[in-house]
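Results of the structural survey
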Amino acid sequence: MSDAQKVNLLGLPRPMLEAYFESIGEKKFRATQVMKWIYHYGVDDFEQMTNLGKGLRTKLSECAEIRDPKVVSCDHSADGTRKWIIEVASGSCVETVFIPESGRGTLCVSSQAGCALDCSFCSTGKQGFNSDLTAAEIIGQVWIAAKSFNNVPHKQDRSITNVVMMGMGEPLLNFDNVVASMNLMMDDLGFGLSKRRVTLSTSGVVPALKELGKYTDVSLALSLHAPNNALRNELVPINKRYPLEVLLPACQDYMNGLADKRRITIEYTLIKGVNDQQQHAEELIPLLKNIPCKINLIPFNPFSLSSYQRPSNNAIRRFQEILLAAGYNTTVRKTRGDDIDAACGQLAGKVQDRTRRSQRYLNQTQLINTKQLPV
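Below you will find a few notes about this structure. Counting restarts for each chain, with residues numbered from 1 along the sequence as it is written. Owing to the predicted nature of the model, reporting of local features is limited to residues with pLDDT of at least 70; listing and counting of side-chain atom pairs is limited to 80 or more, with chain, interface and lining totals taken over all residues. Side-chain figures throughout are based on the complete set of non-hydrogen atoms in the structure, without hydrogens or water.

**Structural notes on the overall build of the protein chain**
Quick note on the threshold: Numbering of helices and strands starts at the N terminus; helices are DSSP runs of H or I of at least 4 residues and strands are runs of E of at least 2. To sort residues, take the accessible area from a 1.4 Å probe on protein chains only and compare it with the maximum for the residue type: under 20% means buried, over 50% means exposed, and anything in between is partly exposed. We call two residues in contact when some of their heavy atoms are within 4.5 Å. Accessible surface area values rest on a Shrake-Rupley calculation with a 1.4 Å probe, where residue burial reflects the displayed protein chains alone.
In terms of helices and strands, the protein chain carries twelve helices and 14 strands. Taking all 375 residues of the protein chain together, 56% fall into the buried category. A fraction of 68% describes how many contacts in the protein chain between residues 6 or more apart in sequence connect residues 24 or more apart. Summed over its atoms, the accessible surface of the protein chain is roughly 16900 Å², and 48% of this surface lies on carbon and sulfur atoms.

**Some remarks on the environment of arginine 30**
By the secondary structure assignment, arginine 30 is in helix α2 (residues 30-40). Since its relative accessible area comes to 19%, arginine 30 is described here as buried. The spacing of arginine 30 and leucine 52 is 22 residues in sequence and 8.1 Å in space, taken between C-alpha atoms. What arginine 30 contacts, discounting residues up to four positions off in sequence, is Phe21, Asn51, Leu52 and Leu56.

**Some remarks on the sheet that holds strand β12 (residues 264-270)**
The pairing of strands in a sheet comes from backbone hydrogen bonds and takes either a parallel or an antiparallel form. Basically, it comes down to this: Criterion used throughout: strands pair if DSSP finds at least two bridges between them. Axis definition: a line fitted to C-alpha atoms, limited for helices to the stretch in contact. Angles are taken between N-to-C directions and run from 0 to 180 degrees.
Spatially, ten strands are ordered β3-β4-β5-β6-β9-β10-β11-β12-β13-β14 in an open sheet, and the strand pairing comes out mixed. Single-partner strands in this sheet number two, and they are β3 (70-76) and β14 (329-332). Geometrically, the sheet is characterised by an average inter-axis angle of 20° between neighbouring strands, direction not taken into account. Strand contacts of helix α9 (residues 244-256): β11 (219-223) and β12, with the helix running at about 170° to β11, the strand carrying the most contacts. Packing of helix α11 (residues 313-325) onto the sheet brings it into contact with β12, β13 (293-299) and β14, and relative to β14 it is tilted by some 165°.

**What about the pattern of salt bridges?**
Oppositely charged side chains are able to pair whenever their charged atoms sit close together. This is how the line gets drawn: Salt bridges are identified by distance alone: a Lys or Arg side-chain nitrogen within 4 Å of an Asp or Glu carboxyl oxygen.
Enumeration according to the criterion identifies eleven salt bridges in this entry. Where arginine 14 meets aspartate 187, a salt bridge forms, and the shortest distance between an N and an O atom there is 2.5 Å. Taken together, the residues span a long stretch of sequence, with arginine 14 in helix α1 (residues 14-23) and aspartate 187 in the loop between α6 (175-186) and β10 (198-202) at a distance of 173 residues. Judged by relative accessible area, which is 28%, arginine 14 ranks as partly exposed.

So this is what it looks like as structure tokens:
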């Protein structure tokens with residue numbers, strides 16, 4: 001069987017892997033053995049799986065494989081942040097970022113090559129869209145990062161303690177592959193992460209959000225970025241389809257459906273002169289009053305295709321103080337990895353754009369730079 005015809009076992013959730021073994025005439029408990037080798041030990045060679053019989057190892061070598069996506073490069077920031085450039089099957093490249101913090105390490109994982117949405121403050125959106133990532137390409141990012149830190153065997157203290165679906169793409173627009181990957185992250189035979197430590201971030205795809213609780217119980221983050229519909233329509237265009245009065249109840253319904261009490265994380269990128277004024281902070285207070293949440297303020301990180309600017313430290317602090325005084329747990333995300341373009345909102349990869357969006361933004365920027373178009 002050619003490599004193109006082989007079944008990639010990386011990314012198959014436990015039920016699918018059990019079904020696969022039954023389909024080749026084997027007992028489904030073989031899935032347990034193989035999952036441990038893949039995710040606990042980082043093994044991709046069937047011959048190294050010593051508790052499998054030689055006949056099964058030979059059979060698997062002929063009809064299956066464990067194939068992770070190709071790493072193009074890995075950059076290291078002065079602050080300890082790491083960024084991997086990973087090539088996916090479509091030929092595009094996506095980015096994965098590890099952010100070290102005191103007592104934990106967070107891996108920011110991509111779900112799409114580019115993004116089908118076009119949030120005005122996000123570098124990924126300016127790259128256009130090419131394709132959804134497969135489950136193997138999503139979980140493969142965690143697999144690659146874990147091996148790079150030598151976090152195998154699985155029982156060792158981990159560098160990666162948290163995974164957030166906050167990289168390139170809108171996770172809920174790649175629903176099946178994202179759910180399968182997140183469930184593998186939490187599976188004891190996978191990476192065994194707590195459901196409190198795996199977080200999906202969405203801009204607000206309400207129909208998919210309403211389905212999410214049927215298939216997983218990961219933590220939730222909402223890319224809010226504005227306290228009213230008029231402003232959010234400009235910053236997060238999907239708001240025109242699913243406005244705040246529809247989106248926020250859907251988020252609350254998901255949280256209410258979890259077996260334990262958790263708070264949703266509200267992500268709010270602060271942009272100078274756009275959404276960082278006192279009135280915006282005061283509007284957030286009644287908007288979120290019935291939603292158990294924590295607010296994460298993200299100072300805008302500049303990139304070449306945007307004219308937006310980062311607010312001053314004083315403006316950021318004033319915004320935070322208003323929310324703190326109203327009783328909201330409000331933190332300011334520290335900018336990490338900006339020397340390797342790994343900061344929040346800067347992920348761009350190399351997308352073979354199918355939408356022509358990237359060329360449109362590039363042309364617009366060139367016109368601005370040549371002063372043919374007013375800023």
